[in-house]
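# Descriptive analysis of the structure
So you can see what is in the structure, the chains are spelled out below.
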Amino acid sequence: MLWGHVVAPALGGSFLFDLIVTISTGCLLIGSGCALYPLGWDSEEVRQTCGNLSNQFELGTCHIGWAYYCTGGGAAAAMLVCTWLACFSGKKQKQYPY
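Fair warning: this is a prediction, and the values are worked out from it, not measured in the lab.

### Here's the deal with helix α2 (residues 15-36)
In this model α2 runs 32 Å from its N-terminal to its C-terminal C-alpha over 22 residues, within 8% of the 32 Å that 1.5 Å per residue would give. By the burial criterion, the buried members of α2 are D18, I20, V21, S24, C27 and C34.

Structural data, given as structure tokens:
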């Protein structure tokens, strides 16, 4: 959030820009957490629970729950919404002389 407040005034910032930067940063952090999560599957605790077949990106006899997929899907959906909002945040409405 701090990054958005530093950059936004230099770019003629607005509340929408701050919101997009904040949500995008959160999405990137959540997405990277989901991508790095399987690196811990070769720990001793996971091998005791899921069998000796578990390794990085191979869970052995265990299965990934629905919450992991919902987290990744939610981060991807929020990133798409931020991209869509960023396309329209700089456009101004036309002024009609009525």
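### With respect to a nonpolar patch on the surface
On the surface, a nonpolar cluster with roughly 300 Å² of combined accessible area is contributed by F15, L19 and I23. For I23, the position within the fold is in helix α2.

### Some details on the UniProt feature "transmembrane region" (unreviewed entry) in the protein
Following the UniProt record, one finds the feature "transmembrane region" (unreviewed entry) at residues 15-39 and 66-88. Taken end to end, residues 15-39 comprises 88% helix and 0% strand; its first and last C-alpha atoms sit 37 Å apart.

### Considerations on the environment of F88
With respect to the secondary-structure elements, F88 resides in helix α4 (residues 66-89). Along the sequence, F88 and L16 sit 72 residues apart, while their C-alpha atoms lie 10.0 Å from each other.

### So, the environment of I64
Note on placement: I64 falls in the loop between α3 (44-50) and α4. Discounting chain neighbours no more than four positions away, the residues touching I64 are W41, L59 and Y69.

### Looking at the state of the cysteines
The bond known as a disulfide is covalent and runs between the sulfur atoms of two cysteines. Under the defined criterion, the tally for this structure stands at 1 disulfide. The disulfide partner of C50 is C62, and the S-S distance across this bridge is 1.9 Å. Around the S-S axis, the bridge from C50 to C62 shows a dihedral of about -100° and counts as left-handed. With C50 in helix α3 and C62 in the loop between α3 and α4, the pair connects residues that are 12 residues apart, well separated along the chain. Left unpaired, C27 is separated from the closest cysteine sulfur, that of C82, by 5.2 Å. Here C27 falls in the buried class, since its relative accessible area comes to 9%.

### Notes on the packing of aromatic side chains
Here a ring pair, both rings aromatic, is described through the centre-centre distance and the interplanar angle of the planes. Counted by the stated rule, this structure contains 3 aromatic pairs. Judged by centre distance (5.9 Å) and plane angle (85°), the ring pair of Y37 and W41 falls under edge-to-face. Assessed through its relative accessible area of 8%, W41 is described here as buried. Here Y37 and Y68 contribute two aromatic rings whose centre-to-centre distance is 5.5 Å and whose plane-to-plane angle is 35°, an arrangement assigned as tilted. Note that Y37 is positioned in the loop between α2 and α3 and Y68 in helix α4, a separation of 31 residues in sequence. For Y68, a relative accessible area of 23% puts it in the partly exposed group. Every member of this aromatic cluster is reached through a ring pair, and the members are Y37, W41, Y68 and Y69.

Reading the values: rules and limits
Residues numbered from 1 in each chain as written. Predicted model: local features only at pLDDT ≥ 70, side-chain atom pairs only at ≥ 80, totals over all residues. Heavy atoms only, no water. Helix = DSSP H or I, 4+ residues; strand = E, 2+ residues; numbered from the N terminus. Expected span 1.5 Å × (residues − 1). Buried < 20%, exposed > 50% of the residue type's maximum accessible area, 1.4 Å probe, protein only. Patch = residues over 30% accessible without salt bridge, like charges linked within 9 Å, V, L, I, M, F, W, Y side chains within 5 Å. Areas by Shrake-Rupley, 256 points an atom, 1.4 Å probe, with all protein chains shown as cover. Salt bridge = Lys/Arg side-chain N within 4 Å of Asp/Glu carboxyl O. UniProt positions renumbered as here; feature names shortened; annotations may be inferred. Contact = heavy atoms within 4.5 Å. Disulfide = S-S within 2.5 Å. Phe/Tyr/Trp six-rings, centres within 6.5 Å; stacked < 30°, edge-to-face > 60°.

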